[in-house]
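Each chain, letter by letter, is given below.
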Amino acid sequence: MTSLRDQVEAAVSVIRSHWKQEPGYAIVLGTGLGTLADRIEADLKLSYADLPHFPQSTVEGHAGELILGRLAGKQVVALSGRFHRYEGYTLQQVTFPVRVVRALGAHTLIVSNAAGGMNPHFRAGDLMVITDHINLMGDNPLIGPNDDTLGPRFPDMCEPYSRALVELAESAALELGLPLRRGVYVALTGPCLETRAEYRFLRMIGADAVGMSTVPEVIVAVHAGLRVLGFSVITDECFPDALQPADIAKIIATANAAEPKLAALVTRCLEKMD
Ligand code: HPA
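Novice: Can you walk me through the site of the ligand in this structure?
Specialist: In the neighbourhood of the ligand, the contacting residues comprise Ala114, Ala115, Gly116, Leu193, Glu194, Tyr199, Val210, Gly211, Met212, Thr235, Asp236 and Cys238. A distance of 3.3 Å separates a nitrogen atom of the ligand from a polar atom in the backbone of Gly116. For the ligand, whose free accessible area comes to 260 Å², the fraction covered by protein is 93%. Looking at the shell around the ligand, the elements that each hand over two or more residues are strand E5 (108-117), strand E8 (209-211) and strand E9 (227-237). The element contributing the most residues to the shell around the ligand is E5, with three residues. Residues belonging to the shell around the ligand are distributed by class as follows: seven nonpolar, three polar and two charged.

Novice: Looking at this structure, how should I read the nonpolar core?
Specialist: Buried together is how nonpolar side chains tend to be arranged in soluble globular proteins. The biggest cluster of nonpolar side chains holds 46 residues, and the ones touching the most others in it are Ile15, Phe54, Leu66, Val100 and Leu109. Take this core: its biggest share by element is seven residues, from helix H3 (residues 91-104). Aside from chain neighbours lying at most four places away, what touches Ile15 is Leu46, Leu51, Leu66, Leu68, Val100 and Leu104. With 33 residues, the next largest nonpolar core counts Tyr25, Ala78, Leu178 and Leu229 among its residues.

Novice: Whenever I open this one, the packing of H3 against helix H6 (residues 215-223) confuses me. Can you help?
Specialist: Angle between the axes and distance between the axes are the two parameters that describe a pair of packed helices. In contact at an axis separation of 9 Å, H3 and H6 are set at 50° when each is read in the N-to-C sense. Judged by the angle between their axes, H3 and H6 are oblique. When you trace H3 past H6, the crossing you get is right-handed. Contact residues: H3 offers Leu91, Val94, Thr95, Val98 and Arg99, while H6 offers Pro216, Glu217, Val220, Ala221 and His223.

Novice: How should I be thinking about the environment of Leu71 in this particular structure?
Specialist: The residue Leu71 is located in strand E3 (residues 65-71) in this model. Put simply, Leu71 and Ala37 are 34 residues apart on the chain and 9.5 Å apart in space, counted from C-alpha to C-alpha. Setting aside residues up to four positions removed in sequence, Leu71 forms contacts with Ile27, Leu36, Arg39, Ile40, Val76, Thr267 and Leu270.

Novice: I keep staring at the environment of His223 and nothing clicks. Help me out?
Specialist: By secondary structure assignment, the location of His223 is in helix H6. Between the C-alpha atom of His223 and that of Arg99, which follows or precedes it by 124 residues, the distance is 9.6 Å. Residues within four places of His223 in sequence aside, it is in contact with Arg99, Leu142, Asn146, Leu150, Gly151, Pro152 and Pro155. A distance of 2.9 Å separates polar atoms of two side chains, one belonging to His223 and the other to Arg99.

Novice: It is not clear to me how the pattern of salt bridges should be interpreted in this structure. Could you clarify?
Specialist: Summed over all chains, the structure comprises twelve salt bridges. Between Arg181 and Asp126 there is a salt bridge, with its nearest N and O atoms 2.9 Å apart. Remark: Asp126 occurs in the loop between E5 and strand E6 (127-135) and Arg181 occurs in strand E7 (residues 181-187); sequence separation between them is 55 residues. Here Arg268 makes a salt bridge to Glu271, at a shortest N to O gap of 3.4 Å. Of this pair, Arg268 and Glu271 both sit in helix H7 (residues 248-272), three residues apart, which is roughly one turn of that helix. When its relative accessible area of 46% is taken as the criterion, Glu271 is described as partly exposed. Via salt bridges that share partners, Glu175, Arg268, Glu271 and Lys272 belong to a single interconnected network.

Novice: Would you mind going over the packing of aromatic side chains with me for this structure?
Specialist: The description of an aromatic ring pair uses the distance of the two centres, along with the angle that the planes make with each other. Tallied over the entire structure, the rule returns four aromatic pairs. Centroid distance Phe54 to Phe96: 5.6 Å. Interplanar angle 85°. Geometry classified as edge-to-face. You can see Phe54 sitting in the loop between strand E2 (41-47) and E3 and its partner Phe96 sitting in helix H3, a full 42 residues away along the chain. The same class applies to Phe54 as to Phe96, namely buried. Put simply, the rings of Tyr48, Phe54, Phe83, Tyr89 and Phe96 touch in pairs and so form one group of aromatic residues.

Conventions adopted
- Residues numbered from 1 in each chain as written.
- Predicted model: local features only at pLDDT ≥ 70, side-chain atom pairs only at ≥ 80, totals over all residues.
- Heavy atoms only, no water.
- Near = heavy atom within 4 Å.
- Polar contact = N/O pair within 3.5 Å; in protein donor to acceptor, adjacent residues only side chain to side chain.
- Areas by Shrake-Rupley, 256 points an atom, 1.4 Å probe, with all protein chains shown as cover.
- Helix = DSSP H or I, 4+ residues; strand = E, 2+ residues; numbered from the N terminus.
- Nonpolar A, V, L, I, M, F, W, Y, C, P; charged D, E, K, R; others polar.
- Core = buried A, V, L, I, M, F, W, Y, C linked by side-chain atoms within 4.5 Å.
- Buried < 20%, exposed > 50% of the residue type's maximum accessible area, 1.4 Å probe, protein only.
- Contact = heavy atoms within 4.5 Å.
- Axes fitted to C-alpha atoms, helices over the stretch in contact; angles between N-to-C directions.
- Parallel < 35°, antiparallel > 145°, perpendicular 65-115°, else oblique.
- Left-handed = near helix turned anticlockwise from the far one by under 90°.
- Salt bridge = Lys/Arg side-chain N within 4 Å of Asp/Glu carboxyl O.
- Phe/Tyr/Trp six-rings, centres within 6.5 Å; stacked < 30°, edge-to-face > 60°.

Printed below as a string of structure tokens:
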């Protein structure tokens with residue numbers, strides 16, 4: 001079996017054979033950022049299927065692709081299509097694309113997700129900048145032998161989300177006139193949504209929003225030395241004493257409705273970043 005590092009290098013050399021630029025910024029186009037792909041002035045799109053060791057999506061029409069180009073005057077690499085633990089992928093597979101964008105030269109990672117709001121001040125449709133996270137997946141992408149050339153055995157987690165970038169996002173939101181919440185994101189594997197007792201517990205332990213992604217990617221990003229900026233689109237209200245059955249169609253519609261706001265915010269953030 002080839003090492004993780006060899007696998008990353010194999011994927012990078014295929015990308016490099018097509019595109020010679022160095023993308024400083026990587027963007028995971030999760031729920032809430034899908035249409036940002038259309039704003040990128042793309043030089044090249046590479047299907048995950050053509051990249052060695054990239055996880056292959058089993059869902060037809062959601063194969064996933066790497067978009068290489070420019071956004072807001074910056075060289076970017078965007079990961080259009082992400083993988084989740086609940087689909088059966090290991091967290092090493094889920095986070096492989098983060099390793100690859102790091103090896104391509106990215107120093108900053110922007111991630112987004114759809115999340116349930118547990119902070120009683122939050123409403124469906126709100127945007128939240130992630131200030132911190134809680135990993136309740138019962139798993140960790142760094143379990144196993146550590147390659148010291150990729151990152152440290154025991155990565156520090158005192159500031160996984162750059163405080164400077166949280167502040168930059170808040171000033172970008174202010175400039176655009178967009179209300180922006182701040183909060184702690186907790187990740188569970190899913191795929192089932194949470195019980196009332198679980199929402200009560202998650203709120204009690206300090207989380208503002210809950211979802212099924214992002215944390216594995218951020219752990220690997222920190223391990224690899226990337227600066228991280230994360231956003232959640234609050235798609236539904238998860239208040240244990242007033243809980244309604246989750247309506248997945250409504251959750252997706254809320255995420256889609258918030259997309260232009262988040263896409264504008266991320267674009268403005270990129271303009272302001274150095
Ligand atoms: N839990 C509850 N509500 C949600 C989630 C979740 O994981 N994701 C989006 N809305």
